[in-house]
Structure formats: structure tokens, C-alpha cells
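# Descriptive structure summary
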Amino acid sequence: MLTDRRQRVLAALIHEYVAHALPVASKALVEGYPLGVSSATVRNDLCALEERGYIQQPHTSAGRIPTDSGYRSFVDALLAQADLDEDPATAEAMRRMRESARELDELLDRTSAMLTEITACLSIVLPARAAALPLRSIGLSTLMQQPEFQNSIVLVPLLRMIEDDSLLGYINNTAGEDGPVVRIGHENRDESLGNVSVVATQFGRGSDAGIIAVIGPTRMDYERALRAVQAARHTLDEI
């Protein structure tokens, strides 16, 4: 377990890395976040976080970036918050969208498009017993704009899983029944997903349950993704 202070330092580093996709120096944290401690304390905390495997230094002269373990600690802290729920503005937009949609397929496509717009990730919203991913509406082009996915080593395995529908099977087995489940990097059982994170949940119940998923780099904005997926789930639970 991390102390509250080190958890705040880790959270600040993750927020900075999510925003800029560049290794984070201690100076950026001291100047950009209200940590309430000296620069020496922040440097010491970063060293301690690195020793425990929460962050790493990609190059000796660079700042630090989160590891899968660092993201997991951050996400667990988010999920433990009693007030982590849907974003009110997103929930209202989805409610209006539900009311204006003429049929279920249109609503699911529009929900997926909204999730992609909010999260800048690949988004999947499918009804129960869907047999294939609808490539027209999952936001693949948006995902490819992320710097991580300009590397074919990261992108190609994911594309293969989309093409052979193994991604659909994985999401079906991952999605939580009672709220979003988050799998980060190498927590994913398939090595093709070792460089991505998945936030997935079901909507509806039993044999009528559909799935909602957001898939992006491990550097995704987890708080935004979780709130958006929650809003989508609550909206679609009501149809």
C-alpha cells in the first residue's frame, strides 16, 4: 500500500503523462500540481515509486512514466471513490440521444461514437449475442491518432484480433456484470493486448445483456473512460 502522499504524487505523474505522452520530470509535478511538499520530497517519492515498480525511467536522462502496476494502483484508487459515477453532462447527452434514436442499432452506433469522442479510444457497444464487430462504428481511426498506435508492434496485433473477432470474444468474457472492469496492459490474458487497456461492462441482464467497451493505450484517461462507460451503461440499462 502506498501512503496518501505517494498516491497523490503517482496520480499527478499519471495525469501529466496522460496529457502529454512524455516522460515526466519532478519539476513538472512540483510546479503544476498542489502537492504541498518540497521538490526534494517529490524527488524522494519518485525514487521510492520507481523502486517499488509503480513508475519507470525509459532513459537515464529522461523523466519517468507509469508502469502497469502504477496504473493499477491509480485505477484501484479511482474505483474505491464513493463519488466515481457517470459524468452528469455526458449522462444528459446520452439521455437525449436515447430519446431521439429511432431504433436500437442507431442508438448503439451513436453511443459508440459518443464514447469514442469522449475518450479518444476505440469504443464498442453491441447488443446481446452479437456475432461480429461493426468496423464502421468502433472508432478505429481515432485510436490510430494516439502516438502509441503509430507503432505497428502495438497496432497490428489489435487489428488482427478485430479482424478475426477474437477481440469480441475477449470482451464478452471480460465485461463486468455490475459495473466496469479494467484490464491494464499485461493484465490482459491475450498477449496481443499487452500494450492496451480495456474498460468493459455489460448492460441489461442475463441472456439479454449487451456489452460496452473502451479500448485504448495504457496511457488512457481512466477517470474519463470510467465515467463515460458508466453513463452509457445506465442509459442503455433503461431501454
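As shown above, the structure is provided for reference.
In this text, all values refer to a predicted model and were calculated from it rather than measured experimentally.

The rules behind each value
Residues numbered from 1 in each chain as written. Predicted model: local features only at pLDDT ≥ 70, side-chain atom pairs only at ≥ 80, totals over all residues. Heavy atoms only, no water. Helix = DSSP H or I, 4+ residues; strand = E, 2+ residues; numbered from the N terminus. Polar contact = N/O pair within 3.5 Å; in protein donor to acceptor, adjacent residues only side chain to side chain. Core = buried A, V, L, I, M, F, W, Y, C linked by side-chain atoms within 4.5 Å. Buried < 20%, exposed > 50% of the residue type's maximum accessible area, 1.4 Å probe, protein only. Contact = heavy atoms within 4.5 Å. Salt bridge = Lys/Arg side-chain N within 4 Å of Asp/Glu carboxyl O. Axes fitted to C-alpha atoms, helices over the stretch in contact; angles between N-to-C directions. Parallel < 35°, antiparallel > 145°, perpendicular 65-115°, else oblique. Left-handed = near helix turned anticlockwise from the far one by under 90°. Nonpolar A, V, L, I, M, F, W, Y, C, P; charged D, E, K, R; others polar.

### Description of the environment of Asp68
Within the fold, Asp68 resides in helix H4 (residues 68-79). Distance in space between the C-alpha atoms of Asp68 and Arg219 is 9.6 Å, their sequence separation being 151 residues. In terms of polar contacts, Asp68 uses its side chain to reach the backbone amide nitrogen of His186, at 3.0 Å.

### Digging into the nonpolar core
Formed by 48 residues in total, the largest nonpolar core has its most connected members in Leu29, Leu46, Leu49, Ile212 and Tyr222. Excluding anything up to four places from it in sequence, Tyr222 contacts Tyr71, Phe74, Val75, Leu78, Val182, Ile184, Ser197 and Pro217. Ranked by size, the runner-up nonpolar core spans 24 residues in total, among them Leu143, Ile171, Val198 and Ile215.

### Here we look at unusual backbone geometry
For Ala120, which is not glycine, the phi torsion reads 60 degrees and is therefore positive. If you trace the backbone, Ala120 turns up in the loop between helix H6 (104-119) and strand S3 (122-126). On the basis of relative accessibility, which here comes to 28%, the residue Ala120 falls in the partly exposed class. Not every positive phi belongs to a glycine, and Asp165 is a case in point at roughly 65 degrees. Note that Asp165 resides in the loop between helix H8 (152-163) and helix H9 (166-174). Relative accessible area serves as the criterion here: at 27%, Asp165 is assigned to the partly exposed category.

### Observations regarding the pattern of salt bridges
All chains considered together, the criterion is met by 13 salt bridges. Among the salt bridges present, the one from Arg219 reaches Glu148, with a minimum N-O distance of 2.5 Å. Note that Arg219 is positioned in the loop between strand S6 (210-217) and helix H10 (222-237) and Glu148 in the loop between helix H7 (140-143) and H8, a separation of 71 residues in sequence. Arg219 sits in the buried class, given a relative accessible area of 6%. Glu148 gets classed as partly exposed once you look at its relative accessible area, which sits at 21%. Linked by salt bridges that have partners in common, Glu92, Arg95, Arg96 and Glu99 make up one network.

### Quick notes on the packing of helix H5 (residues 88-100) against H6
The angle between the axes and the distance between the axes are what describe a pair of packed helices. Between H5 and H6, the shortest axis-to-axis distance is 10 Å and the interhelical angle comes to 155 degrees. Judged on the interaxial angle alone, H6 and H5 are roughly antiparallel. Where H5 crosses over H6, the handedness of that crossing is right-handed. Contact residues: H5 offers Thr90, Ala93, Met94, Met97, Arg98 and Ser100, while H6 offers Leu107, Arg110, Thr111, Met114, Leu115 and Ile118. When grouped by side-chain class, the residues that make up the contact of H5 with H6 number seven nonpolar, three polar and two charged.

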